[in-house]
Amino acid sequence: MVMTLTTSRYYSSATVSLAPNFLHLLQLCIDLRALKLAHQSHAQILTNGFGQNAFVTTRLVSAYATCGALTLSRFVFESIEAKNVYLWNSLINGYVKNHDFHQALALFRQMGRSHESGVLPDDYTLATISKVSGELEDLVSGKLIHGKSIRIGFVSDVVVANSVISMYCRCGDFGDAMKVFDEMPQRNVGSFNVIISGCATLGNFTSASRDDLWSFFLRMQREGLKADAFTVSSLLPVCCDDTGKWDYGRELHCYLVKNGLDLRMGSDVHVGSSLIDMYSRSKKIVLGRRVFDQMKNRNIYVWTAMINGYVQNGAPEDALILLHEMQMRDGIRPNKVSLISVLPACGLLAGLTVGKQIHGFSIRMELNDDSSLCNALIDMYSKCGSLEYVRQVFDSCSYFKDAITWSSMISAYGLHGRGEEAVITYYKMLQQGVKPDTIMVVGVLSACSKSGLVDEGIDIYNSLMTKYGMKPTVECYACVVDMLGRSGQLDQALEFIKKMPLDPGPSVWGSLLTASIMHGNSRIRDLAYRCLLELEPENPSNYISLSNTYASYRRWDVVTEVRTMMKERGLRKVPGCSWITISGKTHSFAVADKSHPSSNLIYGMLDDLVSIMTDGCADIDVF
């Protein structure tokens, strides 16, 4: 949030004519962010006797603030005996520019206590401080500023009212935000944009709330106000869901084209990025790529949105190709967000070589001390099977280890069957003062389950409620059930499920099912199957698993019954896929897939291997 003080508002022509050189020099300092020139100008101002000139010193305060020298801005401010509202605004805005919101708010309070000067805030002051309260999410201060705006007659000002609405939205008080909105004597596009962006930022939308927001957008048009690029880019993330409402996104796209904002003409790249993200989240990656290809201007954010879209839609190869094209075609170097977005592609492809290249690139760009990037590297190396590199990244002392870092390391140990190391890392994290969260607990409980550390896992689970006052999630319960079931304690696992305060979900019954099959307990297996089919009647994996289980017992009548049920419900299992990387190129294969150019040779070799294995088995004596 940046407020710029304009010459026409703060300086009369008569005053400007007294010191045109100083005002010109100070504006040059602001434009060039030239601190040294600001020092020189300040010296000349004092030498020529303009040290108490409110107009010149107001510009000087802005110049120092723009250069980041807030101490000098405050020094100049305090040296002025007769402070007007513009001088106060200049310093307040300086603090805001430098994101020192607490000092900006403190200065506003000081301004209110300066009764002897008779200085009252104007619309600019109130609009700025309202947004500051929103940045701080300080609802109490925001309401006080709202009240002050009413008392001194600025609440009807559109800019002030929009800032007050923004403050309420940032503080999560949408009731008061809508009340201010409805009471405005006149509204502009910004008024609607504040409400729309505030609601969109909140997230966690239901179908009804999405419809309400869409109705609000239509109300804006009925009132004769034309939505701009900011309106559309705020609405697009709301259209990313799996309930079919993504058609709203297509309508917004049509609105852009209809109103002359066609991306092929090189319009706002932010809107283009939002469109790509919307189509990607809606599983329409082809449409997202069409938007990308039609854009005339593409910056790092547009490329990153497209790369991230490919990763989200299970196309890691395309993501890596696009990362290369971004540098070769447009000469754009990846930034931190680009690298974090593409690293999961390496994990999906188990592409350790490419992952190491990205890691090396981040070191050359001096990004290796960034927590988010290091967390992504830990996850990538873990999925690529290199626990050694995971440890090297984690043990690096050049970055701060946050809760995600510890959780990623614990999950990496669990994924590689190193339960003891996962537990040790978990307790080390607690010693560092990091409070566990549910994701972290699921990771360590899963590691305990895979390594047979039942007692350790139960102790960690019990400590959640007794020591940290946490409420376990369904995923935590599923880990405990899996832990007990794997160790053969199936009755205890079933009893644990019965005592759960939450309704057991598919993950809980799935864990019990896997354990019952592992230990051959048909009673608990049938119970788990029935519960799974009741919870997920449209999940083909449950039917396939049930069919395979009965097939192993040669219960072909039940197998036929299950397969018939699947056919009647139109359920089909998604075929599995495997891949291998040779000479930097990844080759993928699915069941009965003959799309590969060398499929005849591959299947010929497969037949030879099956023949060899069959002959080998025939030579083995069976006792």
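The rules we used
Residues numbered from 1 in each chain as written. Predicted model: local features only at pLDDT ≥ 70, side-chain atom pairs only at ≥ 80, totals over all residues. Heavy atoms only, no water. Helix = DSSP H or I, 4+ residues; strand = E, 2+ residues; numbered from the N terminus. Polar contact = N/O pair within 3.5 Å; in protein donor to acceptor, adjacent residues only side chain to side chain. Contact = heavy atoms within 4.5 Å. Buried < 20%, exposed > 50% of the residue type's maximum accessible area, 1.4 Å probe, protein only. UniProt positions renumbered as here; feature names shortened; annotations may be inferred. 1 Å grid on protein atoms, 1.4 Å probe; cavity = no way out; pocket = protein on both sides within 12 Å on 5 of 7 lines; lining within 4 Å. Points joined across faces, edges and corners; volume = space filled by probe spheres on them. pLDDT = per-residue confidence, 0-100. Patch = residues over 30% accessible without salt bridge, like charges linked within 9 Å, V, L, I, M, F, W, Y side chains within 5 Å. Areas by Shrake-Rupley, 256 points an atom, 1.4 Å probe, with all protein chains shown as cover. Salt bridge = Lys/Arg side-chain N within 4 Å of Asp/Glu carboxyl O. Lys, Arg positive; Asp, Glu negative; His and termini not counted. Charge placed at Lys NZ, Arg CZ, Asp CG, Glu CD. Axes fitted to C-alpha atoms, helices over the stretch in contact; angles between N-to-C directions. Parallel < 35°, antiparallel > 145°, perpendicular 65-115°, else oblique. Nonpolar A, V, L, I, M, F, W, Y, C, P; charged D, E, K, R; others polar. Disulfide = S-S within 2.5 Å. Arc of directions from axis to C-beta. Core = buried A, V, L, I, M, F, W, Y, C linked by side-chain atoms within 4.5 Å. Phe/Tyr/Trp six-rings, centres within 6.5 Å; stacked < 30°, edge-to-face > 60°. Lys NZ or Arg CZ within 6 Å of the ring centre and 35° of its normal.

**With respect to the side chain of Ser73**
- Here Ser73 lies in helix H6 (residues 70–79).
- In this structure the side chain of Ser73 is engaged in a polar contact, spanning 2.9 Å, whose partner is the backbone oxygen of Val61.
- Sequence-distant contacts of Ser73, that is, excluding residues within four places in its chain, are made with Val61, Tyr64, Ala65 and Leu91.

**Considerations on unusual backbone geometry**
- Its identity as a non-glycine residue notwithstanding, His99 has a phi of 60°, on the positive side.
- Mapped onto the elements of the fold, His99 is located in the loop between helix H7 (85–97) and helix H8 (101–113).
- Residue class for His99 comes out exposed when judged on its relative accessible area of 57%.
- A positive phi angle is found at Lys283, which is not glycine, with a value near 65°.
- If you trace the backbone, Lys283 turns up in the loop between helix H17 (269–281) and helix H18 (285–294).
- Relative accessible area serves as the criterion here: at 58%, Lys283 is assigned to the exposed category.

**A few points about the UniProt feature "repeat: PPR" (unreviewed entry) in the protein chain**
- Under the local residue numbering, the UniProt record ascribes the feature "repeat: PPR" (unreviewed entry) to residues 84–114, 157–191, 299–334, 402–436 and 437–472.
- Across residues 157–191 one finds 74% helix and 0% strand; the C-alpha atoms that close the span lie 11 Å apart.
- As annotated, residues 437–472 comprises 75% helix and 0% strand, and the C-alpha atoms at either end are separated by 10 Å.

**Description of the layout of surface pockets**
- Approximately 450 Å³ is the volume found for the second largest pocket.
- Around the second largest pocket sit 20 residues that line it, and Ser166, Arg170, Val194, Ser197 and Phe230 are the ones nearest its centre.
- When contributions to the lining of the second largest pocket are tallied by element, the ones reaching two or more residues are helix H9 (123–136), helix H11 (158–170) and helix H13 (189–202).

**Points about the confidence of the model for the protein chain**
- Of all residues in the protein chain, 87% have pLDDT values of 70 or greater, and the mean over the chain is 84.
- Between the elements of the protein chain, mean pLDDT differs from a low of 41, seen in helix H1 (residues 7–10), to a high of 95, seen in H7.
- In this model, residues 1–18 is a region of pLDDT below 50 whose contacts with residues beyond four sequence positions or in other chains number 35 contacts.

**Focus on a nonpolar patch on the surface**
- Taken together, the side chains of Met605, Leu606, Leu609, Val610, Ile612 and Met613 make up a nonpolar region of the molecular surface, amounting to roughly 590 Å² of accessible area.
- Tracing the backbone through its elements, the reader meets Met613 in helix H35 (residues 599–618).

**Concerning a negative patch on the surface**
- Taken together, the side chains of Glu420, Asp455, Glu456 and Asp459 make up a negatively charged region of the molecular surface.
- Residue contributions to the negative patch peak at three residues, all from helix H28 (residues 454–466).

**Quick notes on the packing of helix H5 (residues 54–66) against H7**
- Interaxial distance between H5 and H7 falls to 9 Å at its minimum, and their mutual angle equals 5°. In this view, H5 runs roughly parallel relative to H7, as classed from their interaxial angle. Residue-level contacts link Thr57, Thr58, Val61, Ser62, Ala65 and Thr66 of H5 to Tyr86, Leu87, Ser90, Leu91, Gly94 and Lys97 of H7.
- Here the contact of H5 with H7 is composed, by residue class, of five nonpolar, six polar and one charged.

**Section: the state of the cysteines**
- Counting across every chain of the model gives zero disulfides.
- Residue Cys346 stays outside any disulfide, its sulfur separated by 6.4 Å from that of Cys384, the closest cysteine.
- Given a relative accessible area of 1%, Cys346 falls into the buried group.

**Observations regarding helix H24 (residues 387–395)**
- Burial in H24 covers these residues: Leu387, Val390, Val393 and Phe394. Considered in projection along H24, the buried side chains sweep an arc of 120° and stay on one side of the axis. Turned more than 90 degrees off the buried face of H24, the exposed positions are Glu388 and Asp395.

**Quick word on the nonpolar core**
- In terms of nonpolar packing, the biggest core is built from 174 residues, with Ile165 and Leu512 touching the most fellow members.
- With residues up to four places along the chain from it excluded, the contact list for Ile165 reads Ala177, Val180, Phe181, Met184, Val194 and Ile195.

**Here's the deal with the packing of aromatic side chains**
- Scanning all chains against the criterion turns up 15 aromatic pairs.
- Ring geometry for Trp214 against Phe217: centres 5.2 Å apart, planes inclined by 45°, an arrangement best described as tilted. Taken as a pair, Trp214 and Phe217 lie in helix H14 (residues 207–222) at a separation of three residues, close to a single helical turn.
- Residue Phe217 is classed as buried on the basis of its relative accessible area, which comes to 3%.
- Here the aromatic cluster, defined as three or more aromatic residues joined through ring pairs, consists of Trp214, Phe217, Tyr248 and Tyr255.
- The cationic tip of Lys83 hangs over the ring face of Phe77; the distance from NZ or CZ to the ring centre is 5.2 Å.

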